[in-house]
Amino acid sequence: MPRAYVFTRNGGPEAEAFADVPRPVPGPGQVLIAVRATGVNPADWKRRAGLRGPGEPEPQFPVVFGREAAGVVAEVGEGVSGFAVGDEVFGHPVGGSYADYAVLPADGSARKPAGVSWAAAATLPVAAATAYDGIVQLALPEGATLLVNGIGGGVGTAAAQIARHRGLRVVGTASSGKKDFVESLGAVHAESGPGVADRIRAAAPDGVDAVFDLVGGESLREVAEVLTDRSRLISGADRAVVAELGGAAVLRERTSEVLEAVAALVAEGALDPYVTATFPFAEADKALRAVEEGHTRGKIVLEIDGAGPV
């Protein structure tokens, strides 16, 4: 039977396990893929820990980890046009993607360009697409200054590159150990931690036109101090605090069009997903621990070399 990496209850790493699962069946408007790679994200372990998004139902255990995947179409559901068996695609899975097979909604999937690797494609639906959605939402004019709070992670890294590609000046908060990495993205580094607002002002003496927050909590409260127009404050990390401060959550599109746009940026060399580590499927636990520790740069990917046949 196909294999999947699941959590069997809410809790810590002890709730994780490999399991034999039935091969999924795509419903109307869906495609089934033989997974080649899947991105590993903080949301994965947070779901295991019991955190749920607004309106998200109670989990039905076992739950398969994973919210982004790339692979080969193995089966096409009713009413799907534009995809066929054998196509190389990536997208947002329905029901998890740390698995030999995953189901994707056709309208939330896109073809993988030939020049984009499986690992790179598997990182795009969550981090890069979130970054793209946020930059589009802010709609800053060329030459404006954007602060990315928490620039060193997957979303922040993508946001910096997309913003620079659109002609924006970028200032990014991160630990002192990530200074060189931040500057390699074409951004100005401001060390995170107490007193960060003053360091941002020093890094951007002409002011900041917008803030893209990826940290939340007290860090979000501190960086919001540098912004006079709170309509230009968005967060991908803390809906409650950003609303309290007069800003908004990142509006996620989750469409094929957004995925095609970020894949095109990768293909043309304007966006590097920064896949900093890959793990074989058998080491899914190690990949999750690497992300759960919270000190990674860029993205971590599971490569599923033993994915099922098309």
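Scroll up a little and you will see the structure.
A. Just the overall build of the chain, in detail. Each helix and strand in the chain was counted, giving ten helices and 16 strands. Taken along its principal axes, the extent of the C-alpha atoms in the chain is 60 × 40 × 35 Å. Counting only residues that meet the buried cut, the chain has 52% of its 310 residues in that class. Within the chain, residue pairs in contact and separated by at least 24 positions form 67% of the contacts whose partners lie at least 6 positions apart.

B. Representation of the sheet that holds strand β14 (residues 248-249). Read across the open sheet, the six strands follow the order β11-β10-β9-β12-β13-β14; overall the sheet is parallel. Here the strands that pair on one side only, and so sit at the sheet edges, are β11 (188-191) and β14. With four bridges joining them, strand β9 (residues 145-149) and strand β12 (residues 210-213) adopt parallel strand pairing. The residue of β12 that forms the bridge with Leu146 is Ala210. Taken strand by strand, helix α6 (residues 196-203) contacts β9, β10 (169-174) and β11, and its axis lies near 160° from that of β11. In the packing of helix α7 (residues 217-224) onto the sheet, the strands contacted are β9, β12 and β13 (233-235), and the crossing angle to β9 comes to about 160°.

C. Layout of the nonpolar core. Judged by nonpolar contacts, the single largest core of 47 residues is most densely connected at Phe90, Leu146, Ile151, Phe212 and Leu271. Of all elements in the fold, only α2 (118-122), α3 (124-138), β9, α4 (154-165), β10, α5 (179-184), β12 and α9 (256-267) reach the threshold of two or more residues within this core. Residues Val63, Ala106, Phe281 and Val291 belong to the second largest nonpolar core, which totals 27 residues.

D. Structural view of the environment of Arg289. Relative to the helices and strands, Arg289 resides in helix α10 (residues 284-292). On the basis of relative accessibility, which here comes to 21%, the residue Arg289 falls in the partly exposed class. A sequence separation of 88 residues divides Arg289 from Arg201, and the C-alpha atoms of the two residues are 35 Å apart. Excluding its chain neighbours within four sequence positions, the residues that come into contact with Arg289 are Pro13, Glu16 and Arg48.

E. Representation of the packing of aromatic side chains within the structure. For the structure shown, the criterion picks out seven aromatic pairs. Between Phe181 and Tyr274, the aromatic rings sit 5.2 Å apart at their centres with planes inclined by 90°, giving edge-to-face as the arrangement. Note that Phe181 is positioned in helix α5 and Tyr274 in the loop between α9 and β15 (275-280), a separation of 93 residues in sequence. Exposure remark for Tyr274: the relative accessible area of 21% places this residue in the partly exposed category. Members of the aromatic cluster, joined through ring pairs, are Tyr5, Phe7, Phe18, Phe61, Phe65, Tyr98 and Phe281. Arg166 extends its terminal NZ or CZ atom over the ring of Tyr132, reaching a point 5.6 Å from the ring centre.

F. Spatial organisation of the pattern of salt bridges. Counting across every chain of the model gives 17 salt bridges. Salt-bridge contacts for Arg48 lead to Glu292; the nearest nitrogen and oxygen are separated by 2.8 Å. A residue pair is termed long-range when its members are at least 10 positions apart, and Arg48 in helix α1 (residues 42-48) and Glu292 in helix α10 qualify at 244 residues. One salt bridge in this structure joins Arg111 and Asp87, with 3.1 Å as the shortest N-O distance. Within this pair, whereas Arg111 is found in strand β8 (residues 109-111), its partner Asp87 is found in the loop between β5 (69-76) and β6 (88-91), the two being separated by 24 residues in sequence.

G. Summary view of the side chain of Asp44. Tracing the chain through its elements places Asp44 in helix α1. Here Asp44 is buried and forms no salt bridge, its nearest opposite-charge partner Arg67 lying at an N-O distance of 5.1 Å.

H. View of the side chain of His189. You can see His189 is positioned in strand β11. Within the structure, His189 has its side chain in polar contact with the backbone oxygen of Ala174 (distance 3.0 Å). A polar contact of 3.1 Å, which involves the side chain of His189, links it to the backbone oxygen of Ser175. Non-local contacts of His189, meaning those with residues more than four positions away in its chain, are made with Gly172, Ala174, Ser175, Ser176, Lys179, Val182 and Ala203.

Criteria and thresholds
Residues numbered from 1 in each chain as written. Predicted model: local features only at pLDDT ≥ 70, side-chain atom pairs only at ≥ 80, totals over all residues. Heavy atoms only, no water. Helix = DSSP H or I, 4+ residues; strand = E, 2+ residues; numbered from the N terminus. Buried < 20%, exposed > 50% of the residue type's maximum accessible area, 1.4 Å probe, protein only. Contact = heavy atoms within 4.5 Å. Pairing = 2+ DSSP bridges. Axes fitted to C-alpha atoms, helices over the stretch in contact; angles between N-to-C directions. Core = buried A, V, L, I, M, F, W, Y, C linked by side-chain atoms within 4.5 Å. Phe/Tyr/Trp six-rings, centres within 6.5 Å; stacked < 30°, edge-to-face > 60°. Lys NZ or Arg CZ within 6 Å of the ring centre and 35° of its normal. Salt bridge = Lys/Arg side-chain N within 4 Å of Asp/Glu carboxyl O. Lys, Arg positive; Asp, Glu negative; His and termini not counted. Polar contact = N/O pair within 3.5 Å; in protein donor to acceptor, adjacent residues only side chain to side chain.

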